[in-house]
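# Structural characterization, general
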Amino acid sequence: WHRLMHIPFFYRHLHKLHHHYKSPEPFDDLYIHPLEAFGYYCILYSPPFVMPLHVGGFGLYMAVMGLCGVLDHSGVRVSVPGMYNTEDHDRHHQHFNVNYAFPFVFMDLLHGTFVGEWWGRTYPLPSHRSLKEQARTGGGVARVALAG
């Protein structure tokens, strides 16, 4: 969903509101267009509708997502090695075409859009030319050719 919000049309009309602040503050994660919010909350609240989930598990999931949303926009440095770092989302607001995943980096690592440090390995910011190419081709989304 977040990656979709960075396609130029959706960014211009919906997501740009959220990126108004380059150095986010607490609760800026809620500073989003109502249509973007609708899609985001449909995804956020969907787990108990698509898989068996105990109410306590869903409560824990919601608490983690809510806490990470506030921390990611707080300027407070919090890190759980190999799992979560608030600086990753700061880089997203600074550089736009990196670190889309929330709150964990796994999808960015899979799609080549992660910038930062993970388990001692540094993933550098792509060159300016590379960022322009990502914007032109739809980002760092992995493309897999299937042998027929």
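Residues numbered from 1 in each chain as written. Predicted model: local features only at pLDDT ≥ 70, side-chain atom pairs only at ≥ 80, totals over all residues. Heavy atoms only, no water.

Residues of helix α5 (residues 86-95) that are buried: T86, D88, H89, D90, H92 and H93. On its buried face, α5 sits against α4 (55-72) and β2 (84-85). The residue sitting at the N-terminus of α5 and contributing the capping side-chain oxygen is N85; that oxygen lies 2.9 Å from the backbone nitrogen of E87. Immediately downstream of α5, the backbone of F96 shows phi near 70 degrees, a positive value. (Buried < 20%, exposed > 50% of the residue type's maximum accessible area, 1.4 Å probe, protein only. Helix = DSSP H or I, 4+ residues; strand = E, 2+ residues; numbered from the N terminus. Contact = heavy atoms within 4.5 Å. Polar contact = N/O pair within 3.5 Å; in protein donor to acceptor, adjacent residues only side chain to side chain.)

For G39, the position within the fold is in helix α2 (residues 34-44). Accessibility expressed as a relative area gives 9% for G39, which makes it buried. Separated by 37 residues in sequence, G39 and H2 place their C-alpha atoms 9.8 Å apart.

Here the focus is the side chain of E36. Residue position: E36 is located in helix α2. Here E36 falls in the buried class, since its relative accessible area comes to 5%. Setting aside chain neighbours within four positions, we find E36 in contact with W1, M5, L14 and H15.

All right, on to the packing of aromatic side chains then. In total, this model carries 6 aromatic pairs according to the counting rule given. Considering the side-chain rings of Y41 and Y45, the 5.9 Å spacing of their centres and the 25 degrees angle between planes classify their relative orientation as stacked. Ring geometry for F114 versus Y123: centroids 5.4 Å apart, planes at 75 degrees, classification edge-to-face. Relative accessible area serves as the criterion here: at 5%, F114 is assigned to the buried category. (Phe/Tyr/Trp six-rings, centres within 6.5 Å; stacked < 30°, edge-to-face > 60°.)

Just geometry here; none of it tells us what the structure is for.
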